Amino acid sequence: MNLFESFIKAVADWEMKTPQFYGWFHLLWMGITLIVCTLILIFRDKISPKAVDATLIVWGAVLIALEVLKQLILSFSYKDGQVVWDYAWWAFPFQFCSCPLYLALPAGILRKGKIKTALQSALASYALFAGIVVMIYPGNVFSSNAFLNVHSMFWHSSMVSVCSLLLATRTVKPCGDNLLKAFVVFFIMAGIALILNVIIKNTIDVPGFNMFFVSPYEPFEVPIVKWIYESVPYPVYLLLYLIGFTAAAGLMFAASYGANKLIDKR
């Protein structure tokens, strides 16, 4: 075992008691999220567009580094004194909450224009909703590995904070035109996810491989969604999926619009 493998093993062996919903670990990260969002709201008028871009760039770089380490850990095992590398396809980083991994850096780097606005709008609507949902209901994100727990909570907490920053600073205006731009980005990413699901199923057939929850072969294991998946033809499910998440994204814009109006009046 070389030095690199020893490091990966140490992180993979870093264990903790599996956190409970609304236990100390979950509440700690919810508190951190609330504090950061409050500070953003208080100082939003002092945050420049350059600072927003810099935040997106740093955030995107950190997410990439964390995800690379996560993929290495999940693909690593040490059995009978031997290091075994076997890629964990089920954890391929193209889930709904993976959007910032691909959008944050270009959203910060690109010059002002339609593409930059579309990427930032997708973050401020779809990604914001995803982050809020997981922070409220973590689902199956908790495990006995400390790094994976910190990774997941930092990931979703920062999604809420940074995506809220885009709305609080009015970098993204919560309007119908920007929601349409955000939908185009989401639609493209969901389309890529669907293609990945079909390719993986018909090549290496990995159980549980369901990117963006749009696989024609794997239901999304959430009671109501799973019931819809099993009750209607797949094209109908896909249409309802797109409509549902877009409605949620629109709700993020509506809440921001209402909050901005209320703050402006005061």
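On a predicted model such as this, the values are computed, not experimentally measured, just so you know.

Notes on the overall build of the chain
Then, number 1: For the chain, the helix and strand inventory stands at nine helices and two strands.
Then, number 2: For the chain, the succession of helices and strands along the chain, N to C, is α-α-α-β-β-α-α-α-α-α-α.
Then, number 3: Computed over the C-alpha atoms, the radius of gyration of the chain is 19 Å, within 12% of the 18 Å expected from 2.2 N^0.38 for a compact globule of 266 residues.
Then, number 4: For the chain, the C-alpha atoms occupy an extent of roughly 65 × 45 × 40 Å along the three principal directions.
Then, number 5: For the chain, buried positions account for 42% of its 266 residues.
Then, number 6: Summarising the internal contacts of the chain: among those between residues at least 6 apart in sequence, 72% fall at separations of at least 24.
Then, number 7: Charged side chains in the chain number 19 positive and 14 negative. The centres of these two groups are separated by 18 Å.

Considering the nonpolar core
Then, number 1: Counting 57 residues, the largest nonpolar core has Trp59, Phe96, Leu123, Phe212 and Tyr241 as its most contacted members.
Then, number 2: Contributions of two or more residues to this core are made by α2 (24–42), α3 (49–75), α4 (99–109), α5 (114–136), α6 (146–168), α7 (176–201) and α9 (234–265).
Then, number 3: At 11 residues, the largest contribution of residues to this core is made by α5.
Then, number 4: Ignoring anything within four residues of it in the chain, the contact list for Phe212 reads Phe94, Gln95, Phe96, Cys99, Phe186, Met189, Ala190, Ala193 and Tyr241.
Then, number 5: Grouped together as the second largest cluster of nonpolar side chains are seven residues, Ile8, Val11, Phe147 and Leu148 included.

Focus: the pattern of salt bridges
Any two side chains of opposite charge can pair, so long as their charged atoms come close to each other.
Then, number 1: Counting across every chain of the model gives four salt bridges.
Then, number 2: Between Lys201 and Asp205 there is a salt bridge, and its shortest N-O distance comes to 2.9 Å.

Looking at the pairing of strand β1 (residues 76–79)
Both faces of the sheet carry side chains from a regular strand, because those side chains alternate between them.
Then, number 1: In the sheet, β1 pairs with strand β2 (residues 82–85) via four bridges, with the strands oriented antiparallel. Bridged to Phe76 within β2 is Trp85.
Then, number 2: The antiparallel pairing of β1 with β2 creates a hairpin that spans two residues between the two strands, and Asp80 there sits at a positive phi of about 50°.

Cut-off values and rules
Every residue gets a number counted from 1 within its own chain, in the order that chain's sequence is written. For this predicted model, a pLDDT threshold of at least 70 governs which residues receive local features, and a threshold of 80 or more governs which side-chain atom pairs are given and counted, while totals over whole chains, interfaces and linings are taken from all residues. Values reported for side chains reflect all heavy atoms of the structure, with hydrogen atoms and water molecules removed beforehand. Put simply, DSSP H or I for four residues or longer makes a helix, DSSP E for two residues or longer makes a strand, and each gets a number counted from the N terminus. As a reference, a globule follows 2.2 Å times the number of residues to the power 0.38, and the radius of gyration itself is taken over C-alpha atoms. Exposed residues in this analysis have more than 50% of their type's maximum accessible area, buried residues have under 20%, and partly exposed residues fall in between, with area computed by a 1.4 Å probe over protein chains only. Note on contacts: a residue pair is in contact if any heavy atoms of the two residues lie within 4.5 Å. For the purpose of counting charges, residues Lys and Arg are taken to be positive, whereas Asp and Glu are taken to be negative. His and the chain ends are not included. In this description, the location of a charge corresponds to atom NZ of lysine, CZ of arginine, CG of aspartate or CD of glutamate. Think of a nonpolar core as a cluster: buried Ala, Val, Leu, Ile, Met, Phe, Trp, Tyr and Cys residues, connected wherever their side-chain atoms sit within 4.5 Å. Here a salt bridge means any side-chain nitrogen of Lys or Arg lying within 4 Å of a carboxyl oxygen belonging to Asp or Glu. Two strands make a pair as long as DSSP finds a minimum of two bridges between them.

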